[in-house]
Amino acid sequence: MHWIIIKMSLYRHCLIKSMNCMVSRSDFSRLLHRKSALRCRTFSSLVSSRTSFDLGRSPARESQPNKDYYYITTPIFYVNAAPHMGHLYSAVIADCLHRYKQMRGFTSKFSTGTDEHGLKIQQAADAAGKYPLNFCTEVSEKFKSLFQSSQISYTDYIRTTGEQHRRAVEHFWTVLYDKDFIYKGEYEGWYSTPDESFLTESQVADSKDKNGKHIKVSLESGHQVEWMKEENYMFRLSEFRPALLQWLRENPRAVRPTKFYNIALQWLQEDLPDLSVSRQRDRLKWGIPVPGDPGQTIYVWLDALVNYLTVAGYPDGHCQWWPAARHVVGKDILKFHAIYWPAFLMAAGVPLPQAIYVHSHWTVSGQKMSKSLGNVVDPLERSQQYTVDGLRYFLLRQGVLDTDCDYYDDKVIKLLNSELADSLGGLLNRCTAPSINHEQVYPSFCGLCFPKENVRGSPEGRAAPEDYRLVESVSRLSAEFERHFENLQIYKALETVSHCVRQTNGFFQRHAPWKLDRNNPQERRWLDTILHVAMECLRVYGTLLQPVVPMTADVLLSRLSVEPSRRGWEDLNFLNRYQGENCPFEGRTLGSDTGILFSRLDRTEKAECKPKKSKKVK
C-alpha cells in the first residue's frame with residue numbers, strides 16, 4: 001500500500017516534469033523509471049553512508065562531543081490538564097542527573113517545558129471557552145510553578161508556541177521535505193486523539209464504552225480510537241528500519257534500562273509503516289502550518305520532538321550542546337523517542353542523542369492514576385505535606401526505572417521518618433548538640449585514639465573492629481554512589497548512603513561519647529575523635545545528597561561550616577587525618593543552628609490505611 005502511494009507521488013512529480021518539458025510518452029515512462037531507480041539508489045547509498053555518519057556517537061566533525069558538556073531533557077509536558085506525579089517524577093530524575101553532573105564539574109544544560117499544540121489542546125481550550133494560547137499559558141504556568149517550588153533547576157523552559165521553536169520546526173520540516181523523506185499521500189487508519197498517535201490494526205482492540213457501545217481502543221493506552229481518512233504528508237519511516245536496527249544493535253546503551261532497549265528492538269522485528277506527519281488544517285487548526293502548504297498542520301509529535309533541538313540552538317548553533325544530549329522519558333512515549341525521533345534525525349542528517357533514559361509509572365494500590373478512579377496524587381499538595389525534599393527523596397529512593405512503583409502516603413511517612421528524620425537528622429543532632437559538643441566546633445582527630453589498622457596497639461587506641469569497617473564503607477562510598485548513578489540506579493545509590501548512615505549511628509551509639517569525662521585529657525581526645533569521625537561521615541553524606549535533597553543537604557553542610565566552594569566531588573576525601581593529611585575543617589566553628597534537619601511526619605487519616613500489596617523500602 002505504501003509503495004502504491006509512493007509511486008503515485010512519483011507519477012505526479014514526473015507528470016509535472018513532462019508537462020514542463022513537453023516530453024514524449026516513452027520519454028515520460030523512462031523518466032518515471034529513472035526517478036524511481038535513482039531514489040532507491042540514492043536512499044540505499046544514503047543509508048549505507050549514514051551508517052557511520054548518523055548512527056555513531058559523534059558522527060559530524062563539527063559536532064564532536066565536548067566531554068565537559070552535558071545536556072539533559074525531560075519530555076515537554078502536554079498542557080491539556082494540570083501536572084501530576086508522573087510529570088514531577090520525570091523532572092526530578094532529570095534535575096538529579098543535572099545537579100550530579102554539575103557536581104562532577106560538567107557544564108550542564110537542563111531543559112523542560114510544555115507541548116502546546118495538537119487536537120487535544122484545541123478541544124480542551126474549546127471546552128474551557130478560552131483562546132488556545134491563553135489556555136496553554138495558564139496550564140504552562142502551573143507546570144512552571146510546580147517545578148520551581150520543587151527545586152527543579154532547569155536552565156531552559158521551552159513552550160512550543162514560541163517563535164524560536166516555530167522557526168526550528170519549519171527548518172527541520174523543510175530539510176526532510178527537500179531530501180524527499182516527506183511526500184504527500186493519503187492516510188487511512190486508526191487515530192487516538194488522547195495519545196495524538198496513529199495506530200495500525202494490530203495496535204487496537206474491540207471494547208465497550210460506559211454506555212455499552214462497541215468501540216475500538218488502543219491496546220497500549222486503552223484510549224478510544226477513531227477511523228481517519230485524509231490526504232496529508234507522510235514520512236518514509238518504513239525505509240529506516242534497517243538503520244534503526246543497526247543503531248540499536250551497535251549501541252546497546254542507547255536506550256536504558258535494558259528492558260526498554262529490548263522493547264524497542266522488538267518493535268523493529270516487524271515492518272514499520274510510513275508515518276503521517278500532518279493533519280488537514282480544517283481538522284487541526286492549533287499547530288504550526290506546513291511550510292508552503294497552509295492547508296496542512298504539522299503533526300504534533302514531529303513538532304514536539306524538535307523542541308530538544310530548539311533548546312540546543314538548532315538550526316545554526318546546536319553543535320555545542322546537541323552531541324551531549326540525553327532524554328528522560330516515560331515508558332508510554334518510548335516509541336516516539338526510540339523509533340520516530342531517531343528516524344527523523346537520520347533523515348535530517350542530525351546526530352542521534354547519546355541516550356534515552358526511560359522510567360516506569362507510579363500507581364496507587366496497583367492501579368494507574370486516573371481522574372475516573374479518583375486516585376490521582378497531587379504533587380504540589382504532597383510536596384507541601386511532606387516537604388519538597390521529602391517528596392524528592394521518596395520518588396528517587398523508591399522509584400525503580402524499569403518497574404512500576406506503588407504510591408501510598410503511609411509508605412512516604414515511614415521512609416522519611418526513618419531515613420531523613422531519625423537516622424540522618426538524628427546523627428547531625430547528636431554531633432552538634434551543645435551537651436556533647438560544648439565548644440560548637442569541628443573537633444580534632446587523634447591518631448593515637450584511632451590508629452591506622454595496621455599499626456594498632458597504641459595504649460590510647462579505642463577504635464573497635466566495627467569502626468574500621470565504617471571507615472572502609474565511607475571511603476568507598478563515593479565510588480559506589482557514582483557507579484549506581486551512572487547506571488541510572490539512583491535508588492541503589494541512596495541505599496548505600498542510608499546503610500553508611502546507619503553504620504555511623506551504630507559507631508556513635510557504641511562509644512557513647514556523652515559518658516566520657518571531658519576533664520580527663522585522654523577521654524577528651526577520644527570524645528573529639530568520635531565527633532570528628534561522625535562529622536566527616538556527615539560531610540560526605542551531605543555532599544553526595546545534594547542532587548537529591550538540595551535544601552536539606554545545604555542545611556546539613558552549613559551546620560558543619562562547609563562552605564559552598566568545598567561541596568564538590570573533588571572535596572569528598574574522607575577522614576584526611578586518619579591518612580596522616582591535613583583536614584581543612586578541623587577546628588572550625590560550626591555554622592548556626594537552624595533547628596531540626598528534617599522534622600518527623602505525623603500520620604494523617606489518609607495514611608492510616610495502606611494497600612494489601614506494597615513494596616518494601618529497599
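Before reading on, note that the structure itself is shown above.
A brief report on the enclosed structure follows. In every chain, residue numbers begin from 1 and rise along the written sequence. Residues qualify for local features only when their pLDDT is at least 70, as the model is predicted, and side-chain atom pairs are given and counted only at 80 or more; totals for whole chains, interfaces and linings, by contrast, use all residues. The side-chain numbers reported here are obtained from all heavy atoms of the structure, hydrogens and water having been left aside.

1. Some details on the overall build of the protein
So, step 1. Strands here are runs of E lasting at least two residues and helices are runs of H or I lasting at least four, both read from the DSSP assignment and numbered beginning at the N terminus. In terms of helices and strands, the protein carries 19 helices and 19 strands.
So, step 2. Residues counted as buried form 55% of the 618 residues belonging to the protein.
So, step 3. Any two residues having at least one pair of non-hydrogen atoms within 4.5 Å are treated as being in contact. Long-range contacts, defined as pairs at least 24 residues apart, comprise 76% of the intrachain contacts of the protein with a sequence gap of at least 6.
So, step 4. For the accessible areas, the method is Shrake-Rupley and the probe is 1.4 Å, while residue cover comes only from the protein chains on display. As displayed, the protein has an accessible area near 27200 Å², and 50% of this comes from carbon and sulfur atoms. Relative accessibility thresholds used throughout: buried, under 20% of the residue-type maximum; exposed, over 50%; partly exposed, between the two (1.4 Å probe, protein chains only).

2. Here's the deal with the packing of helix α14 (residues 409–432) against helix α17 (residues 490–511)
So, step 1. Under this scheme, a helix contributes an axis fitted over its contacting stretch, all axes are lines through C-alpha atoms, and angles between N-to-C directions fall in the 0 to 180 degree range. Two elements in contact, α14 and α17, have axes whose closest approach is 10 Å; the angle formed by their N-to-C orientations is 40°. Taken as axis vectors, α14 and α17 run oblique relative to one another. For the crossing formed where α14 meets α17, the hand is left-handed. Along its contact with α14, which presents E419, S423, L424, L427, R430 and C431, the element α17 presents S498, V501, R502, T504, N505, F508 and Q509. Here is the rule for angles: anything less than 35 degrees is roughly parallel, anything more than 145 is roughly antiparallel, 65 through 115 is roughly perpendicular, and the remaining ranges are oblique. For any helix crossing, the convention is left-handed if the near helix is rotated counterclockwise from the far helix by under a right angle, and right-handed if that rotation is clockwise.

3. What about the nonpolar core?
So, step 1. What we call a nonpolar core is a set of buried Ala, Val, Leu, Ile, Met, Phe, Trp, Tyr and Cys residues that are connected through their side-chain atoms within 4.5 Å. Core analysis: the biggest nonpolar cluster contains 186 residues, and F172, F235 and Y541 have the highest contact counts within it.
So, step 2. For F235, the residues in contact, after removing those within four places along its chain, are L176, F181, I182, F240, D274, L275, V277, A343, F344 and A347.

4. Re the packing of α14 against helix α18 (residues 521–544)
So, step 1. For the pair α14 and α18, interaxial distance at closest approach is 10 Å and the crossing angle is 140°. Relative to α18, the element α14 is oriented oblique. The handedness of the crossing between α14 and α18 is left-handed. Here L424, L427, L428, C431 and T432 of α14 come into contact with α18, specifically with L531, A534, M535, L538 and Y541.
So, step 2. Along the lines of polarity and charge, the residues of the contact of α14 with α18 split into nine nonpolar, one polar and no charged. Here the term charged refers only to Asp, Glu, Lys and Arg, the term nonpolar to Ala, Val, Leu, Ile, Met, Phe, Trp, Tyr, Cys and Pro, and the term polar to all other amino acids, Gly among them.

5. Topic: the pairing of strand β8 (residues 214–218)
So, step 1. Pairs of strands are assigned from DSSP output, requiring at least two bridges between the strands. The sheet contact formed by strand β7 (residues 204–208) and β8 spans five bridges and is antiparallel. The residue bridging A205 from the neighbouring strand is V217, located in β8.
So, step 2. Taken together, β7 and the strand that follows it, β8, pair antiparallel across an intervening segment of five residues, in which G212 is found at a positive phi of about 85°.

6. What about the sheet that holds strand β6 (residues 197–199)?
So, step 1. Pairing within the open sheet is antiparallel, and its four strands lie in the order β6-β5-β9-β11. Either end of the sheet is taken by a strand with one partner, and the two such strands are β6 and β11 (275–276).
So, step 2. Note: strand β9 (residues 226–235) against β11, two bridges, orientation antiparallel. In the strand pairing of β11, F235 is matched with L275.
So, step 3. Along the sheet, helix α11 (residues 334–348) contacts β6, β9 and β11; its crossing angle with β9, the most-contacted strand, is approximately 30°.

7. Considering the pattern of salt bridges
So, step 1. In what follows, salt bridge is the name for a side-chain nitrogen of Lys or Arg lying within 4 Å of a carboxyl oxygen of Asp or Glu. Taken as a whole and judged by the stated rule, the model has 36 salt bridges.
So, step 2. As a salt-bridge pair, E163 and R166 come within 2.0 Å of each other at their nearest N and O atoms. Note that E163 and R166 are positioned in helix α6 (residues 163–178) at a spacing of three residues, about one turn of the helix.
So, step 3. The exposure class assigned to E163 is partly exposed, which follows from its relative accessible area of 41%.
So, step 4. Look at R166 and you get partly exposed, because its relative accessible area is 27%.

8. Describing unusual backbone geometry
So, step 1. Between R256 and the following residue, P257, the backbone shows a cis peptide bond with an omega angle of 0°.
So, step 2. The amide bond that connects Y314 to the next residue, P315, takes the cis arrangement and shows omega of 10°.
So, step 3. Its place among the elements puts P315 in the loop between α10 (307–312) and β15 (325–330).
So, step 4. The phi angle at S365 is positive, at roughly 55°, despite the residue not being glycine.
So, step 5. Tracing the backbone through its elements, the reader meets S365 in the loop between β17 (362–364) and β18 (367–368).
So, step 6. For Q440, which is not glycine, the phi dihedral falls at a positive 55°.

9. Regarding the sheet that holds strand β12 (residues 278–280)
So, step 1. Reading across the sheet, the three strands line up as β12-β14-β13 and stay open at both edges, with antiparallel pairing between neighbours. Each edge of the open sheet is held by one strand with a lone partner, namely β12 and β13 (289–290).
So, step 2. Bridge count between β12 and strand β14 (residues 293–298): three bridges; the pairing is antiparallel. The residue bridging S278 from the neighbouring strand is I298, located in β14.

10. Some details on the packing of aromatic side chains
So, step 1. Only Phe, Tyr and Trp rings are paired, with Trp represented by its six-membered ring, and only when their centres lie within 6.5 Å; those with planes under 30 degrees apart are stacked, over 60 edge-to-face, the remainder tilted. Under the definition given, this model contains 33 aromatic pairs.
So, step 2. With centroids separated by 5.5 Å and ring planes inclined at 50°, the aromatic side chains of Y154 and Y157 adopt a geometry described as tilted.
So, step 3. Cluster of aromatic residues (ring-pair linked, three or more members): Y71, F172, Y308, Y314, W322 and W341.
So, step 4. Directly above the ring of F106 sits K101, whose terminal nitrogen or CZ lies 4.6 Å from the centroid.
So, step 5. Positioned above the aromatic ring of Y578, the side-chain terminus of K452 is 5.5 Å from the ring centre. The rule is short: NZ of Lys or CZ of Arg within 6 Å of the ring centre and within 35 degrees of the ring normal puts a charge over the ring.

11. Structural notes on the environment of N429
So, step 1. Examined against the element boundaries, N429 turns out to sit in helix α14.
So, step 2. Distance from N429 to I596, taken between C-alpha atoms, is 7.4 Å for residues 167 residues apart in sequence.

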